[in-house]
Amino acid sequence: MTPIELAQKLHARDLVLLAGRLLLSLIFVHEGLQLVTHFEGAQKAMSALGVGTPLLIATILLQLGAGLSVALGILARLGAIGLGLFCLMTASLFHANFASQNELLHFEKDLAIAGGMFILALSGAGRLSIDRVLVATLQRRASEAAVTEPYQPVSKMNSSA
């Protein structure tokens, strides 16, 4: 058995996608929880950067909502696109001081995370996702309903008018 055949048999692609989704989403879920649990401090820090409370709340909702979306595989493509765009905006708005090595590093990390999110958006969440389970359940119910309900032809319309 070749390594490729073994990987296919073990569904390695799906395991790697799951691990990648979890690793990519971890930073957003963690940061969102930190912002929620330390809201007043985050509010003061963001205010100093010119970010108002409504945008802070939107950021928290995006990080938690899209982060969990990616981690669990519920509309993961949409969550990944949202987080990828968020990373691009964060990099350009908050980490564009390239004279600082630290800011440059954060800029590059945001770009790398955005790239990972866009790749995930293209590849999808894989078989180990809630979306996959939901789709399979809906397809099974639809096929069961089609089998249990007899075919009822549409009656012909009276064309003698």
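The paragraphs below set out a description of the structure included in this document. (Residues numbered from 1 in each chain as written. Predicted model: local features only at pLDDT ≥ 70, side-chain atom pairs only at ≥ 80, totals over all residues. Heavy atoms only, no water.)

## Observations concerning a nonpolar patch on the surface
Right, so step 1: A cluster of nonpolar side chains, namely Leu68, Leu72, Ile74, Leu75, Leu78, Ile130 and Leu134, defines an oily patch on the protein surface of about 620 Å² accessible area.
Right, so step 2: At the level of secondary structure, the elements contributing two or more residues to the nonpolar patch comprise helix 4 (53–72) and helix 7 (130–148).
Right, so step 3: Inspection of the secondary structure assignment puts Leu72 in helix 4.
Right, so step 4: On the basis of relative accessible area, Leu72 is assigned to the partly exposed category, the value being 42%. (Patch = residues over 30% accessible without salt bridge, like charges linked within 9 Å, V, L, I, M, F, W, Y side chains within 5 Å. Areas by Shrake-Rupley, 256 points an atom, 1.4 Å probe, with all protein chains shown as cover. Salt bridge = Lys/Arg side-chain N within 4 Å of Asp/Glu carboxyl O. Helix = DSSP H or I, 4+ residues; strand = E, 2+ residues; numbered from the N terminus. Buried < 20%, exposed > 50% of the residue type's maximum accessible area, 1.4 Å probe, protein only.)

## Concerning the layout of surface pockets
Right, so step 1: Approximately 750 Å³ is the volume found for the largest pocket.
Right, so step 2: Every residue lining the largest pocket is counted, 27 residues in all, and those nearest its centre are Thr59, Gln63, Phe86, Thr90 and Phe94.
Right, so step 3: Of all the elements in the fold, those that place two or more residues in the lining of the largest pocket are helix 2 (12–37), helix 3 (39–48), helix 4, helix 5 (76–94) and helix 6 (101–123).
Right, so step 4: Counting residues per element, the lining of the largest pocket draws most heavily on helix 5, which supplies eight residues.
Right, so step 5: Class assignment for the residues of the lining of the largest pocket results in 18 nonpolar, six polar and three charged. (1 Å grid on protein atoms, 1.4 Å probe; cavity = no way out; pocket = protein on both sides within 12 Å on 5 of 7 lines; lining within 4 Å. Points joined across faces, edges and corners; volume = space filled by probe spheres on them. Nonpolar A, V, L, I, M, F, W, Y, C, P; charged D, E, K, R; others polar.)

## Focus on helix 6
Right, so step 1: Along its 23 residues, helix 6 runs 33 Å from first to last C-alpha, staying within 8% of the 33 Å computed at 1.5 Å per residue.
Right, so step 2: Looking at helix 6, one finds that the buried residues are Glu103, Phe107, Asp110, Ile113, Ala114, Gly116, Met117, Leu120 and Ala121.
Right, so step 3: Count one or two residues on from helix 6 and you reach Gly124, which has phi positive near 85 degrees. (Expected span 1.5 Å × (residues − 1).)

## Topic: the side chain of Asp14
Right, so step 1: Following the sequence through the fold, Asp14 ends up in helix 2.
Right, so step 2: Ignoring any residue separated from it by four or fewer positions in sequence, one finds Asp14 in contact with Gly126, Arg127 and Leu128. (Contact = heavy atoms within 4.5 Å.)

## A word on the packing of helix 3 against helix 4
Right, so step 1: Remark: helix 3 packs on helix 4, axes separated minimally by 10 Å, with the N-to-C direction vectors making an angle of 120 degrees. Between helix 3 and helix 4, the interaxial angle falls into the category oblique. When you trace helix 3 past helix 4, the crossing you get is right-handed. Contact with helix 3, carried on its side by Phe39, Ala42, Gln43 and Met46, involves Thr53, Leu56, Ile57 and Ile60 of helix 4 and no other residues of that element.
Right, so step 2: Here the contact of helix 3 with helix 4 is composed, by residue class, of six nonpolar, two polar and no charged. (Axes fitted to C-alpha atoms, helices over the stretch in contact; angles between N-to-C directions. Parallel < 35°, antiparallel > 145°, perpendicular 65-115°, else oblique. Left-handed = near helix turned anticlockwise from the far one by under 90°.)

## A word on the packing of aromatic side chains
Right, so step 1: Using the criterion set out here, one finds two aromatic pairs in the structure.
Right, so step 2: A ring pair is formed by Phe28 and Phe86, whose centres lie 6.4 Å apart and whose planes are at 70 degrees; its orientation type is edge-to-face. Pair noted here: Phe28 is in helix 2 and Phe86 is in helix 5, with a separation of 58 residues, a long-range link. In terms of burial, Phe28 and Phe86 fall into one category: buried. (Phe/Tyr/Trp six-rings, centres within 6.5 Å; stacked < 30°, edge-to-face > 60°.)

## Quick notes on the side chain of Glu103
Right, so step 1: When you line up the elements, Glu103 lands in helix 6.
Right, so step 2: One buried charged side chain, Glu103, makes no salt bridge at all; its nearest oppositely charged neighbour is Lys109, positioned 12 Å away.
Right, so step 3: Those residues in contact with Glu103, other than ones at most four positions away along the chain, are Phe94, His95 and Asn97. (Lys, Arg positive; Asp, Glu negative; His and termini not counted.)

## Concerning unusual backbone geometry
The phi torsion of most residues other than glycine is negative, and most of the peptide bonds are trans.
Right, so step 1: Backbone geometry at Leu75 places phi at a positive 50 degrees, although glycine is not the residue there.
Right, so step 2: The residue Leu75 is located in the loop between helix 4 and helix 5 in this model.

## Description of the packing of helix 2 against helix 6
Right, so step 1: Running from N to C, helix 2 and helix 6 point in directions that differ by 140 degrees, and their axes come no closer than 11 Å. Put simply, helix 2 runs oblique to helix 6. The crossing of helix 2 and helix 6 is left-handed. Each of Arg13, Leu17, Arg21, Leu24, Ile27 and Phe28 in helix 2 lies in contact with helix 6, whose residues at this interface are Ile113, Gly116, Met117, Leu120 and Ser123.
Right, so step 2: Its residues assigned to classes, the contact of helix 2 with helix 6 comprises seven nonpolar, two polar and two charged.

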